[in-house]
Number of protein chains: 2
Amino acid sequence: MSDAPTDHPAPAAHPELSALALEPYAPKAQRAIWLQIYHRLAEAIERGCVAPGSKLPGEVQLAELFAVNRITMRRALALHQSEGRLQARKGVGIFVRQKPRHFEVRSDMTFADSLAADGGVISTRTLLLDRAPASAEAARLFGLAPGAEVIRMHRLRLLDGAPIYLSRKEFPPARFPRFEADYAQSGSVVAVYRAAGIPHYRRAETRVRGGLASREEAEILGLTPKTPVQHVTAINRAPDGAAIELNRGCWPMASVELVFSEDG
Amino acid sequence: MSDAPTDHPAPAAHPELSALALEPYAPKAQRAIWLQIYHRLAEAIERGCVAPGSKLPGEVQLAELFAVNRITMRRALALHQSEGRLQARKGVGIFVRQKPRHFEVRSDMTFADSLAADGGVISTRTLLLDRAPASAEAARLFGLAPGAEVIRMHRLRLLDGAPIYLSRKEFPPARFPRFEADYAQSGSVVAVYRAAGIPHYRRAETRVRGGLASREEAEILGLTPKTPVQHVTAINRAPDGAAIELNRGCWPMASVELVFSEDG
DNA sequence: CAGTGGTCTAGACCACATG
DNA sequence: ATGTGGTCTAGACCACTGG
């Protein structure tokens, strides 16, 4: 097959990859071929040979490049997806994700402050704000009857336009009779706290639990399903000790580091 | 548990699995077959139909049971390995792991206390105790010249005989001139602290970062390589503020929940 | 429509652990 | 020597996305 360069409109054919693919593989069973391909790709991505955001050649083309079967090629690609370096979109292609920035999410800051401290442009999309039956944990935490209503909010945080953090919050309605109005005005939960007469609050407890992204989480965060994620549950309390927020967050595992230090 | 590491030779044919395998699959493309098999297996394991520690039928046999190709079967099995429910050993078989207990590892306790609080039998194996050049982070933390020697210790924690936590510690030698002797006598790092005139210490900082197990980590912890794990870095300081320990821990992601609360 | 990634099959060879 | 899981291939069909 002569590689006739028909007018490819975009991705520049990635000559870097071709070079990588030419080296012979290490003796068999030394390391699996798919792992060797994985490492070569990792190096190419890490060194920036393939630009973040750019589209890779198709799987079949890559498989030809590296002279392996498509299935073998897919194993290398799949591992990179697990680690957050690549992102495949069905019917579209495989893309190099923005270099996974490691956010330091500090227990003594709001997440927004933690993110902003890193120098990126953070934006927020409120996906959902309504009233719904409390989750079991929220009901217990807020001292509500099972099935009682809470204020529910889903928000997506984006860094330079790319989804980076999904949070699902519940609030006790008794404390926030005007939640929707206050939030609409400020767009800030801390402002809602203030408006409700809670000038200060404290992060009373934070729990971290690893898992694999559900289909829904993966879709919202732009991840491959079953990618490892961090589930972070945080409880905020008012100075009087009452719980005022239960927050369940979800981060791509590869792009966050949680930092807990003893003083604020 | 009376389930000693000695292998019971009888896999018992797992009639439960046969029953699961008989149900027809959902209409095509509703959910992938391998995912359906995955869910059936998950349910069987969760309900205890297949005993923890027991050996599953071989892959070929399983593939026959579920009437799919071996590759397809392997996808279902692989996901369970990622989630810590199954563990494959080459040349041996696939085993059901002990039900993943979720340890609450609290920032205000030693890990040992966190574990013991859960009611399991915790044992410790000291894998390594020597002096070696400091890691970059340890040198900076302890204020040593790059390449200076530190005391290095690797320990493995086991719950009921099963590996559950790997820790790799570094200590500044100046603070602990008799580390080896003190540790040999007590087997406890806290006791070494005391013997060195540090009756109290504080966990100054804890960092949590998800990742995939390296080959070495996987081997020590009895995991499939590239299984998701939690890397926990902790810094202990003496009352005078000086760092006395840098600890890098590694947990199977599926079996730990890290809890940080504001008061001890 | 054409091209993409996602799934599935049938068969093969290998390295490894066990008896 | 046997059976195990790990790897790899060749070819096929599907669902989805985009122009």
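Q: What am I meant to see in the pattern of salt bridges here?
A: Side-chain pairs of opposite charge can arise whenever the charged atoms involved come near each other. Per the counting criterion, the structure on display carries 36 salt bridges over all chains. Residue A:R209 is joined to B:E257 by a salt bridge in which the shortest nitrogen-to-oxygen separation is 3.8 Å. Taken as a pair, A:R209 in strand 7 (residues 202–212) and B:E257 in strand 10 (residues 256–261) lie in two separate chains rather than in one. Note that B:E59 and B:R74 form a salt bridge whose closest N and O atoms lie 2.8 Å from each other.

Q: In this structure, what is going on with the protein's contact with DNA strand C? I would like to understand it.
A: Close to DNA strand C lie 25 residues; A:R70, B:I33, B:W34, B:N69 and B:T72 are nearest. The sugar-phosphate backbone supplies 68% of the atoms of DNA strand C found within 4 Å of the protein. Contact distances for DNA strand C include 2.6 Å between a base nitrogen and a side-chain N or O atom of B:N69. Within the contact set of DNA strand C, a base nitrogen lies 3.3 Å away from a side-chain nitrogen or oxygen of B:R70. When residues of the surface near DNA strand C are traced back to their parent elements, those giving at least two are helix 4 (70–82), strand 1 (86–89) and strand 2 (93–96) of chain A together with helix 2 (33–46) and helix 4 (70–82) of chain B.

Q: What should I look at first to understand the relation of the copies chain B and chain A in this one?
A: Relating one copy of the chain to the other takes a rotation about an axis and a shift parallel to that axis. If you rotate chain B by 180° and push it 0.0 Å along the axis, it lands on chain A with an RMSD of 0.1 Å. In the structure described here, the two chain copies are related by an operation that fits a two-fold rotation axis. The fraction of interface residues of chain B whose copies in chain A are also interface residues reaches 100%, indicating that both copies meet through the same surface.

Q: Would you take a moment to explain the pairing of strand 5 (residues 149–159) of chain A for this structure?
A: Looking along a regular strand, one sees side chains alternate from face to face of the sheet. Residue and element names in this part refer to chain A. Here strand 5 lies mainly inside the structure; nine of its 11 residues are buried. The pairing of strand 4 (residues 122–133) with strand 5 spans 11 bridges and is antiparallel. Pairing of T124 across the sheet is with R157, part of strand 5. Bridge analysis of strand 5 against strand 6 (residues 162–171) gives nine bridges, and the strand direction is antiparallel. Considered in strand 6, the bridge of I151 is made with F171.

Q: Quick question: what am I supposed to make of the packing of aromatic side chains here?
A: Remark: the centre distance and the inter-plane angle together describe each pair of aromatic rings, the angle taken between the planes. Residues and elements named next belong to chain A. Going through the model one piece at a time under the given rule, you end up with 15 aromatic pairs over all chains. Residues F171 and F179 carry aromatic rings whose centres are separated by 4.6 Å and whose planes lie at 45° to one another, so their mutual orientation is tilted. Here F171 matches F179 in class, with each residue buried. Taken together through their ring pairs, the aromatic side chains of F171, F176, F179, Y183, Y193 and Y201 make up a single cluster.

Q: Explanation requested: helix 7 (residues 179–186) of chain A in the structure shown.
A: Because an α-helix completes one turn every 3.6 residues, residues spaced three or four positions apart along the sequence face the same direction. All names here are of chain A. For helix 7, the complete set of buried residues consists of F179, D182 and Y183. In an axial view of helix 7, the angular spread of the buried residues amounts to 95°, which keeps them on one side of the axis. Every exposed residue of helix 7 that faces more than 90 degrees away from the buried side is listed here: A184 and Q185. Contacts made by the buried residues of helix 7 are with strand 4, strand 5, strand 6 and helix 8 (189–195).

Q: Teacher, can you tell me more about the domain arrangement of chain A here?
A: Interface size is often expressed as the accessible area that is lost when the parts come together. All names here are of chain A. With domains assigned, chain A is organised as domain 1 (15–96) and domain 2 (103–259). Averaged C-alpha coordinates put domain 1 and domain 2 at centres separated by 36 Å. Each partner contributes to the roughly 400 Å² buried at the junction of domain 1 and domain 2, and carbon and sulfur atoms together form 42% of this total. When residues of domain 1 are sorted by the area they lose upon contact with domain 2, Q81, S82 and Q87 head the list and together hold 79% of the total. Joining domain 1 to domain 2, the criterion identifies zero salt bridges. Where domain 1 packs against domain 2, one counts three residue pairs in polar contact (both at pLDDT 80 or more). Elements represented by at least two residues in the side of domain 1 that touches domain 2 include exactly helix 4 and strand 1. Of the residues assigned to the side of domain 1 that touches domain 2, the class counts are one nonpolar, four polar and one charged.

Q: Would you mind showing me how to read the sheet that holds strand 10 of chain B here?
A: The strands that make up a sheet pair up through hydrogen bonds in the backbone, lying either parallel or antiparallel. Ordered in space as 4(A)-5(A)-6(A)-9(A)-8(A)-7(A)-10(B)-3(B), the eight strands form an open sheet in which the pairing is mixed. The sheet is open, and its two edges are formed by strand 4 of chain A together with strand 3 (103–106) of chain B, each paired on a single side. Each adjacent strand pair in this sheet contributes to an overall mean axis angle of 20°, direction not counted. For strand 6 of chain A and strand 9 (residues 243–252) of chain A, the ladder comprises five bridges, and the chain directions are antiparallel. Bridge pairing in strand 9 of chain A places A:R168 opposite A:R248.

Q: What's the story with the interface of chain B and chain A in this structure? I'm lost.
A: Contacts between the two partners involve 28 residues from chain B, matched on the other side by 28 residues from chain A. Carbon and sulfur atoms make up 53% of the surface buried where chain B meets chain A, a total of about 2,500 Å² over both sides. It is B:R209, B:F260 and B:E262 in chain B that bury the most area against chain A; as a group they hold 21% of the surface buried on that side. At the boundary of chain B and chain A, one finds four salt bridges. The partner of A:R207 in a salt bridge is B:E257, and the shortest N-O contact between them spans 3.4 Å. Residue assignment for the side of chain B that touches chain A shows that the elements contributing at least two residues are helix 2, helix 4, strand 7 (202–212), strand 8 (228–237) and strand 10 of chain B. When residues in the side of chain B that touches chain A are grouped by element, the largest group, 11 residues, is from strand 7 of chain B. Residue composition of the side of chain B that touches chain A, grouped by class: 12 nonpolar, seven polar and nine charged.

Thresholds, definitions, all that
- Residues numbered from 1 in each chain as written.
- Chains lettered and ligands numbered in written order.
- Predicted model: local features only at pLDDT ≥ 70, side-chain atom pairs only at ≥ 80, totals over all residues.
- Heavy atoms only, no water.
- Salt bridge = Lys/Arg side-chain N within 4 Å of Asp/Glu carboxyl O.
- Helix = DSSP H or I, 4+ residues; strand = E, 2+ residues; numbered from the N terminus.
- Near = heavy atom within 4 Å.
- Polar contact = N/O pair within 3.5 Å; in protein donor to acceptor, adjacent residues only side chain to side chain.
- Least-squares fit on C-alpha atoms with pLDDT ≥ 70 in both.
- Contact = heavy atoms within 4.5 Å.
- Buried < 20%, exposed > 50% of the residue type's maximum accessible area, 1.4 Å probe, protein only.
- Pairing = 2+ DSSP bridges.
- Phe/Tyr/Trp six-rings, centres within 6.5 Å; stacked < 30°, edge-to-face > 60°.
- Arc of directions from axis to C-beta.
- Domains from an automatic or database assignment.
- Buried area = accessible area lost by both parts, 1.4 Å probe.
- Nonpolar A, V, L, I, M, F, W, Y, C, P; charged D, E, K, R; others polar.
- Axes fitted to C-alpha atoms, helices over the stretch in contact; angles between N-to-C directions.

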